[in-house]
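If you want the building blocks of each chain, they are given just below.
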Amino acid sequence: MILTKSPQNLLDFDRSQLEALFTAMGEQRFRATQAMKWMYGDYQLDFHQFTNFSKALRQKMAAHFSTAVPELISEHVSQDGTIKWLLKMDSDNAIETVYIPEKNRGTLCVSSQVGCSLNCTFCATGAQGFNRHLSTAEIIAQVWVAAKQLNHHNKNRRITNVVMMGMGEPLANYERVLPALNIMRDDCGFGLANKRVTVSTSGLVPQINQLNQDADVSLAVSLHAPNDGLREQLVPLNKKYNIEQLLNACREFVRNKKKARITFEYTVIGGVNDAPEQAHELTRLLHDIPCKINLIPFNPFPGTVFQSPSSKKVDQFKEICMAAGYICTVRKTRGDDIAAACGQLAGEFMDRTRRSAVYGSRLMKRPLEVR
């Protein structure tokens, strides 16, 4: 590995990459473990404080590498305990990271992109358009910042789960997301159990298959419709990878994995996909896949044309799924008082393309045809 003139961020490297880096520098591989313990165990980013490194190595590290983390713009704490951090990526861009505390777990929702290119019609992030991928360092730094803010350490692991469900499509940024997943699960990183790290996707089939080969993590699929006709309107990616292709990839993902289940996320939108007939269609669709269904009542955001479903409709949908033998949960609405719908705070920080206004106008002219 050739050292570059511009500093490389050490948070971009997982353990195997760090080992290769130190070996290329003429150092022993165990330096990677030492560096990770400093960065993720002690939250120490100053190379000069890496006291088990020689002075010469510390100077060399400082000359060629950085350990930069995003600037914390704001912290919003909800009455229900949800915390939302707005992190500055560069002069024009910001992303969001959300911590959701529950009785027996603390879940951190992490972003993978600035904006999103998939144009899902009900998504606040999609309405803002796509700006760029996040680097591995920018992804893992969200966990680093949140853990430090929460005083997370070995005896007080407040973050027990990480879900790649924030801004962006994780699998569209695969080569940068994968090392971040490795750091999350590394004992010298954040030490999370494989099953407690979840990647959510809208259905990039080739990348689902690749993830199945590369990382033993949990998978969540943003389904949102029980048939291709409606899903193509809600999730345009369905035109490229239809439901049959997506579900085949899901079947393969859980094959030979004991107790593994796919989580199918289904955003329930009032008058669009909340009918009993659609619930029955969903249960038939998923009948041979080990899975659970997570119903997400739509959380309106400024400019959207969609409406929240009634609680009666959501309860009815859940009852139908459970009667068919599925584990079915309803995601609680969290952080309403701090704009916790994904993308809202970042949208307030910047809207470089003004896509939200344009896209919202287009949706008003072309309402969904429920099928």
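Here the structure is a predicted model, which is why all the values come from computation and not from measurement.

Each value, and the rule that gives it
Residues numbered from 1 in each chain as written. Predicted model: local features only at pLDDT ≥ 70, side-chain atom pairs only at ≥ 80, totals over all residues. Heavy atoms only, no water. Buried < 20%, exposed > 50% of the residue type's maximum accessible area, 1.4 Å probe, protein only. Helix = DSSP H or I, 4+ residues; strand = E, 2+ residues; numbered from the N terminus. Pairing = 2+ DSSP bridges. Right-handed = clockwise from strand over helix to strand, strands pointing away. Polar contact = N/O pair within 3.5 Å; in protein donor to acceptor, adjacent residues only side chain to side chain. Core = buried A, V, L, I, M, F, W, Y, C linked by side-chain atoms within 4.5 Å. Contact = heavy atoms within 4.5 Å. Salt bridge = Lys/Arg side-chain N within 4 Å of Asp/Glu carboxyl O. pLDDT = per-residue confidence, 0-100. Disulfide = S-S within 2.5 Å. Expected span 1.5 Å × (residues − 1). Axes fitted to C-alpha atoms, helices over the stretch in contact; angles between N-to-C directions. Parallel < 35°, antiparallel > 145°, perpendicular 65-115°, else oblique. Left-handed = near helix turned anticlockwise from the far one by under 90°. Nonpolar A, V, L, I, M, F, W, Y, C, P; charged D, E, K, R; others polar.

Once that is clear, we can look at the pairing of strand β13 (residues 291-297). With 6 of 7 residues buried, β13 lies mostly within the body of the structure. In this sheet, β13 lies alongside strand β12 (residues 262-268) in parallel orientation, the contact comprising 7 bridges. Bridging from a neighbouring strand, Tyr266 pairs with Leu295 of β13. In this fold, β12 hands off to helix α10 (residues 276-285), which returns the chain to β13; that crossover is right-handed. As paired strands, β13 and strand β14 (residues 327-330) are joined by 4 bridges and run parallel to one another. Across the sheet, residue Ile293 finds its bridge partner in β14, namely Cys328. Read from β13 through helix α11 (residues 311-323) to β14, the crossover connection turns out right-handed.

This part takes up the side chain of Gln233. As for its position among the elements, Gln233 is in helix α8 (residues 228-234). Here Gly229 takes part through its backbone oxygen, which lies 3.5 Å from a polar atom of the side chain of Gln233.

So, on to the nonpolar core. Core analysis: the largest hydrophobic core is formed by 107 residues, its most contacted members being Leu10, Met184, Leu211, Ile262 and Phe264. The element that contributes the greatest number of residues to this core is helix α5 (residues 136-149), accounting for 9 residues. In this structure, Leu211 is in contact with Leu171, Tyr174, Leu181, Val199, Val217, Leu219 and Phe253, ignoring residues within four places of it in sequence.

Glancing now at the pattern of salt bridges. Considering all chains together, one arrives at 10 salt bridges under this definition. Close ionic contact of Asp288 with Arg251 constitutes a salt bridge, the shortest N to O distance being 3.0 Å. With Asp288 in the loop between α10 and β13 and Arg251 in helix α9 (residues 243-254), the pair connects residues that are 37 residues apart, well separated along the chain. The exposure class assigned to Asp288 is partly exposed, which follows from its relative accessible area of 39%. Taking relative accessible area as the criterion, Arg251 reaches 24% and is therefore assigned partly exposed. Put simply, Arg255 and Glu252 hold a salt bridge, and the shortest N to O gap is 3.0 Å. In this structure Arg255 comes out as partly exposed when scored by relative accessible area, which is 47%. Look at Glu252 and you get partly exposed, because its relative accessible area is 36%. One network of salt bridges, with partners in common, ties together Asp90, Arg132 and Glu138.

Another point: the environment of Glu232. The residue Glu232 is located in helix α8 in this model. Residues Glu232 and Cys120, spaced 112 residues apart in sequence, show a C-alpha to C-alpha distance of 9.3 Å. Apart from residues no more than four positions distant in its own chain, Glu232 is found in contact with Asn238 and Lys239.

With that settled, the discussion passes to the confidence of the model for the chain. Across the chain, pLDDT averages 88, with 87% of residues at or above 70. The low-confidence segment residues 1-5 (pLDDT under 50) makes 9 contacts with residues lying over four places distant or belonging to another chain. Below a pLDDT of 50 lies the segment residues 350-371, which in the model reaches 38 contacts outside its immediate sequence neighbourhood of four places, other chains included.

Before going further, it helps to spend a moment on the state of the cysteines. Scanning the model with the defined rule gives 0 disulfides in all. No disulfide involves Cys250; its sulfur sits 8.9 Å from that of Cys291, the nearest cysteine.

The terminal C-alpha atoms of α5, which comprises 14 residues, lie 20 Å apart, in line with the 20 Å expected from a rise of 1.5 Å per residue. Of all 14 residues that make up α5, 12 are buried, and the element is covered over most of its length. Looking only at α5, the buried set comprises Thr136, Ala137, Glu138, Ile139, Ile140, Ala141, Gln142, Val143, Trp144, Val145, Ala146 and Ala147.

Packing of α10 against α11 leaves a shortest axis separation of 9 Å and a crossing angle of 30°. On the basis of the axis angle, α10 is roughly parallel to α11. Regarding α10 and α11, the two cross each other, and that crossing is right-handed. Along the contact surface, α10 presents Pro276, Gln278, Ala279, His280, Leu282 and Thr283, while α11 presents Lys313, Gln316, Phe317, Ile320 and Cys321. When its residues are assigned to classes, the contact of α10 with α11 shows 6 nonpolar, 4 polar and 1 charged.

The next point concerns the sheet that holds strand β9 (residues 161-164). Across the sheet, 10 strands lie side by side as β3-β4-β5-β6-β9-β10-β11-β12-β13-β14; this open sheet has mixed pairing. Edge positions in the sheet fall to β3 (71-77) and β14, since each has one partner strand and no second. The sheet shows a mean angle of 20° between the axes of neighbouring strands, direction not considered. Note that strand β6 (residues 106-109) and β9 share 3 bridges and pair parallel. Across the sheet, residue Cys109 finds its bridge partner in β9, namely Val163. On the sheet, α5 packs against β3, β4 (83-88), β5 (94-101), β6 and β9 and is oriented at approximately 130° with respect to β4.

In contact at an axis separation of 9 Å, helix α7 (residues 205-214) and α9 are set at 5° when each is read in the N-to-C sense. On the basis of the axis angle, α7 is roughly parallel to α9. Contacts between α7 and α9 involve Val205, Ile208, Asn209, Leu211 and Asn212 on the former and, on the latter, Gln245, Leu246, Ala249, Glu252 and Phe253.

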